[in-house]
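# Structural overview for review
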Amino acid sequence: MPRSAEPLVAVLRSRPGADRTAEAVRALGFSPLVAPLLTVRAVAAEVAVAPGEAVAVTSAHGAAALASLTDPSGLTLYAVGEGTAQAALRAGFGRVIGGPSDAAALADVIVSDRPSSVLVARGREVAAELAGMLTAKGVPARSVVVYAADAAEALPADLAAALSSGGLDAALIHSPRIGMILADLAPPGALASVRLVAISAAAAAPLAGLGPVTISAHLSEAGLVEALQHAMGDKG
């Protein structure tokens, strides 16, 4: 694979978020390589939101999937992070309350509002079970799986070629699961010179010892992009 004139940065999150991240990478003067390690698909589900019941999501995928299964216009939705809140607004939810960028902190926000009950729309694989957190804090909550994120069984061809040629400068790690998939699929030693930029310590953990790791100071897309800029400034 010919080496790009600009530093080559792999974006490994699922689409459509990967395409938005690629725009941010390009704005820094880097060349993005969109190579999703997760593919999101809808899961057939019956969703009935009770009168007065709030809904909550921890990802943009959850917001989009829930909106396709119910009328979102009259619902109050709690969202993890600003990016998810913006996705929920685009999906047509009537009232969106954006919380902190992790499920435990969002649970505290929801508890302080004391809704009568909460329906959590989630993926098949979740890092933290928001409904369980709410129930433990005294707020009746239930969850429904509305999407699944299937892991790649092999590295995308462009990503494999970039690693083989030594042409990949950095990779963005948006979640612990993406970190685990990359660690499992990358050939031995392939990440040794790749700057691995992770959104959190949990996302970085599966990659320990495989290459130089930079961890974002903030659990957000903006924080991850800022960490990339610093990491690439330090490289070389």
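Higher on the page you've got the structure.
Figured I'd write up the structure that's included with this text. (Residues numbered from 1 in each chain as written. Predicted model: local features only at pLDDT ≥ 70, side-chain atom pairs only at ≥ 80, totals over all residues. Heavy atoms only, no water.)

## Examining the environment of E125
Considering the arrangement of structural elements, one finds E125 in the loop between β7 (118-123) and α5 (130-136). Between the C-alpha atoms of E125 and V145, which are 20 residues apart in sequence, the distance is 9.0 Å. What E125 contacts, discounting residues up to four positions off in sequence, is A149 and R177. Here R124 takes part through its side chain, which lies 2.5 Å from a polar atom of the side chain of E125. (Helix = DSSP H or I, 4+ residues; strand = E, 2+ residues; numbered from the N terminus. Contact = heavy atoms within 4.5 Å. Polar contact = N/O pair within 3.5 Å; in protein donor to acceptor, adjacent residues only side chain to side chain.)

## Quick notes on the pairing of strand β6 (residues 95-99)
A regular strand places its side chains on the two faces of the sheet in alternate fashion. One ladder, built from five bridges, connects strand β5 (residues 76-80) with β6; its direction is parallel. Following the sheet pairing, L77 is matched in β6 by V96. For the crossover from β5 across helix α3 (residues 81-91) to β6, the handedness is right-handed. (Pairing = 2+ DSSP bridges. Right-handed = clockwise from strand over helix to strand, strands pointing away.)

## Looking at the pattern of salt bridges
Evaluation of the coordinates by the stated rule reveals nine salt bridges. Between R142 and E53 there is a salt bridge, and its shortest N-O distance comes to 2.9 Å. Taken together, the positions of R142 in strand β8 (residues 141-151) and E53 in the loop between β3 (38-42) and β4 (54-57) put the pair 89 residues apart, joining distant regions of the chain. Given the relative accessible area of 38%, R142 is considered partly exposed. A relative accessible area of 6% means that E53 is categorised as buried. Measuring nitrogen to oxygen at the nearest pair gives 3.0 Å for the salt bridge that ties R124 to D150. Remark: D150 occurs in strand β8 and R124 occurs in the loop between β7 and α5; sequence separation between them is 26 residues. One continuous salt-bridge network, built from bridges that share partners, spans R41, R124, E125, D150 and R177. (Salt bridge = Lys/Arg side-chain N within 4 Å of Asp/Glu carboxyl O. Buried < 20%, exposed > 50% of the residue type's maximum accessible area, 1.4 Å probe, protein only.)

## Considerations on the sheet that holds strand β2 (residues 31-34)
Pairing in this open sheet of five strands is parallel, and the strands run β2-β1-β9-β10-β11 from one edge to the other. Among the strands making up the open sheet, the edge pair consists of β2 and β11 (213-215). Taken pair by pair, the neighbouring strands of this sheet meet at an average axis angle of 25°, ignoring direction. Sheet analysis places strand β9 (residues 170-173) next to strand β10 (residues 195-198), joined by four bridges and oriented parallel. Each residue of the ladder has a partner; that of A171, found in β10, is L196. (Axes fitted to C-alpha atoms, helices over the stretch in contact; angles between N-to-C directions.)

## Section: the nonpolar core
In summary, soluble globular proteins display a tendency toward joint burial of nonpolar side chains. The biggest cluster of nonpolar side chains holds 41 residues, and the ones touching the most others in it are L12, L159, I173, L182 and L228. Where this core is concerned, the elements lending two or more residues are β1 (8-11), α1 (17-27), α6 (157-165), β9, α7 (176-185), β10, α8 (201-204) and α9 (221-234). The greatest single-element share of this core, amounting to five residues, is contributed by α9. Every residue in contact with I173, bar those within four places of it in the chain, is listed here: L12, I178, G179, L182, V197, A198, I199, A203, L207 and L224. Counting 18 residues, the second largest nonpolar core, distinct from the first, contains A63, A88, L119 and V146. (Core = buried A, V, L, I, M, F, W, Y, C linked by side-chain atoms within 4.5 Å.)

Scope: geometric values only; no functional claims are made or implied.
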